[in-house]
Amino acid sequence: MTTLQTKSRFITLEGGEGAGKSTVITALRDALETAGENVVCTREPGGTPLAEEIRSLLLDPQHEAAAPHTELLLMFAARAQHVRQTILPALERGAWVISDRFTDSSYAYQGGGRGLDAALIAELERQVVGIVPAMTLLLDIDVHEGRVRTNTRDLWPDRIEREQEDFFARARGVFLLRAQAEPDRFRVIDAARPREQVAADAVAHLLALRASR
Ligand code: Z5A
């Protein structure tokens, strides 16, 4: 795979910690199912048994700290499996696929957060992933505000969650730059508002995309 192909029924959710992606995914699934569609909800890193094992390696704070390139390549190893094993087969069956995070997270966290070269990430995206979602919902929230939401939940933060706020601020900056650069694909949603409003905006974007087909 060398050129990127946009997949019309493939939707991704991106955003910082505590942005509320899980809540929104449930609302998106319900909206599509009500409209009679088949839906597969999945997540990254993960989404297949092997990719979930890679997720454990990546996020378990018991392991030694991964070098930035190790982290990047494990993210893409998991994604390579996820695309071939879960996403493409579901799309080929005619289902919609909604993924909690995808390649934009690698640009944000490994590129922005860890400082790795975006050209390397782009090359991995072309060679290893090959597909781009038709729509990416970026749930944007102030880093501190998002972390306050998860701090009350996470007794044992994972390895990435243990990073400092400036790491997440750099990641947020990359998400917003990518959204600015690709306005046709991204919809930026203010995730600081109540759950119902955030979910309603996300559903409206999805149904508008579906109606435009
Ligand atoms: N990562 C990476 O570095 N590179 C990559 O390529 C990929 C991922 C694919 C995945 O861990 C980590 O991997 C992630 C990026 C990195 N690390 N970080 N940060 P994860 O899946 O466990 O982490 P997450 O995606 O950030 O999950 P999260 O923190 O759970 O975020 P969320 O799913 O958006 O949040 P939520 O569970 O829906 O809500 C969080 C809490 O806020 C919860 O208690 C809710 O009840 C509450 N909430 C949600 N919405 C609201 C509103 N609107 N108001 C008030 N409270 C709310």
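Every residue gets a number counted from 1 within its own chain, in the order that chain's sequence is written. Where totals are concerned, whole chains, interfaces and linings use all residues; where local detail is concerned, this predicted model gives features only for residues with pLDDT of at least 70, and gives and counts side-chain atom pairs only at 80 or more. With hydrogens and water set aside, each side-chain value is computed from the structure's full complement of heavy atoms.

## Description of the pairing of strand β4 (residues 131–140)
Point 1. In terms of burial, β4 is a largely internal element, 10 of the 10 residues being buried.
Point 2. At least two DSSP bridges between two strands are required for those strands to pair. In this description a helix means any DSSP run of H or I spanning at least four residues, a strand means any run of E spanning at least two, and both kinds are numbered starting from the N terminus. As defined by bridge partners, strand β1 (residues 5–15) adjoins β4 across eight bridges and the pair is classed as parallel. Within β4, the residue paired with I11 across the bridge is M135.
Point 3. Taken together, the five bridges between β4 and strand β5 (residues 186–190) define a ladder with parallel strand orientation. The rule is simple: take the accessible area with a 1.4 Å probe, protein chains only, and divide by the maximum for that residue type; under 20% is buried, over 50% is exposed, in between is partly exposed.

## A few points about the pairing of β1
In regular strands, side chains alternate between the two faces of the sheet.
Point 1. Judged from the four bridges that link them, β1 and strand β3 (residues 96–100) form a sheet pairing that is parallel. Bridging from a neighbouring strand, I11 pairs with I98 of β3.

## Overview of the side chain of T12
Point 1. Of note, T12 is situated in strand β1.
Point 2. For this analysis, residues touch if any pair of their heavy atoms sits within 4.5 Å. T12 has contacts with S99, F102, P133, M135, T136 and L137, leaving out every residue within four places of it along the chain.

## Quick notes on helix α1 (residues 21–34)
Point 1. With 14 residues, α1 extends 20 Å between its outermost C-alpha atoms, agreeing within 8% with the 20 Å of an ideal straight helix rising 1.5 Å per residue.
Point 2. For α1, the complete set of buried residues consists of K21, V24, I25, L28, A31 and L32. Projected onto a plane normal to the axis of α1, the buried residues spread over an arc of 130 degrees and lie on a single side. Opposite the buried face of α1, by more than 90 degrees, sit the exposed residues S22 and T34.
Point 3. Phi turns positive one or two residues past the end of α1, at G36, with a value near 85 degrees. For a helix, the expected span equals 1.5 Å multiplied by the residue count minus one. Think of it as the arc spanned by the lines of direction from the helix axis to the C-beta atoms.

Just geometry here; none of it tells us what the structure is for.
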